[in-house]
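# Understanding the architecture of this molecule
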Amino acid sequence: MPAYVLVDAEVYDHETADRYRVLAEESIARYGGRYLIQGTVPEAAEGGWPAGRVVTTLEFPDMARLREWHTSPEYARAAAVRAGAIDVRMLFAEGTPA
């Protein structure tokens, strides 16, 4: 069953964020993940959304693979670059069969 990473982020340093993205993209692909939405400012249909925050959604084949990516040395390097440049909230959610 697919598993998803839902990310809410605010970028403080765009140059560093670009370096993070390269490393993160490589790590995500290495563990079978793919972007469904990448760094998009959402349109709030109900409720509000804080200005300046973007959303990203990733899909992995399953929760085990997602967790393997999240604890991988490749992603740890990306996260270290991101520190202080991007404020991130991240959720994991398992998909449901169609």
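Refer to the structure printed above.
In short, a report on the structure. (Residues numbered from 1 in each chain as written. Predicted model: local features only at pLDDT ≥ 70, side-chain atom pairs only at ≥ 80, totals over all residues. Heavy atoms only, no water.)

## Regarding the pairing of strand β1 (residues 3-11)
Pairing of β1 with strand β3 (residues 53-60) involves eight bridges; the strand directions are antiparallel. Across the sheet, the residue bridging to Ala9 is Val54, located in β3. Here β1 runs beside strand β4 (residues 86-94); their pairing, made up of nine bridges, is antiparallel. Paired with Val7 across the strands is Met90, a residue of β4. (Pairing = 2+ DSSP bridges. Helix = DSSP H or I, 4+ residues; strand = E, 2+ residues; numbered from the N terminus.)

## Things to note about the sheet that holds strand β2 (residues 34-40)
Across a sheet, paired strands are connected by hydrogen bonds in the backbone, their directions being either parallel or antiparallel. The antiparallel open sheet is built from four strands, whose spatial order is β2-β3-β1-β4. Lying at the two open borders of the sheet, with one neighbouring strand each, are β2 and β4. The average angle at which neighbouring strand axes cross in this sheet is 15°, direction not considered. In the sheet, β2 pairs with β3 via four bridges, with the strands oriented antiparallel. Along β3, the bridge assignment pairs Tyr35 with Leu58. Packing against the sheet, helix α1 (residues 14-30) makes contact with β1, β2, β3 and β4, and its axis sits at approximately 170° to β2. (Axes fitted to C-alpha atoms, helices over the stretch in contact; angles between N-to-C directions. Contact = heavy atoms within 4.5 Å.)

## Regarding helix α3 (residues 73-82)
For α3, every residue scored as buried is listed here: Glu74, Tyr75, Ala78 and Arg82. Down the axis of α3, the sector holding all buried residues measures 90°, keeping them to one side. For α3, the exposed residues set more than 90 degrees away from the buried face come down to Arg77 and Ala80. Where α3 is buried, its residues contact α1, α2 (63-70) and β4. (Buried < 20%, exposed > 50% of the residue type's maximum accessible area, 1.4 Å probe, protein only. Arc of directions from axis to C-beta.)

## A word on the environment of Leu6
In this structure, Leu6 sits in strand β1. A sequence separation of 52 residues divides Leu6 from Leu58, and the C-alpha atoms of the two residues are 6.7 Å apart. In this structure, Leu6 is in contact with Thr56, Thr57, Arg89, Met90 and Leu91, ignoring residues within four places of it in sequence.

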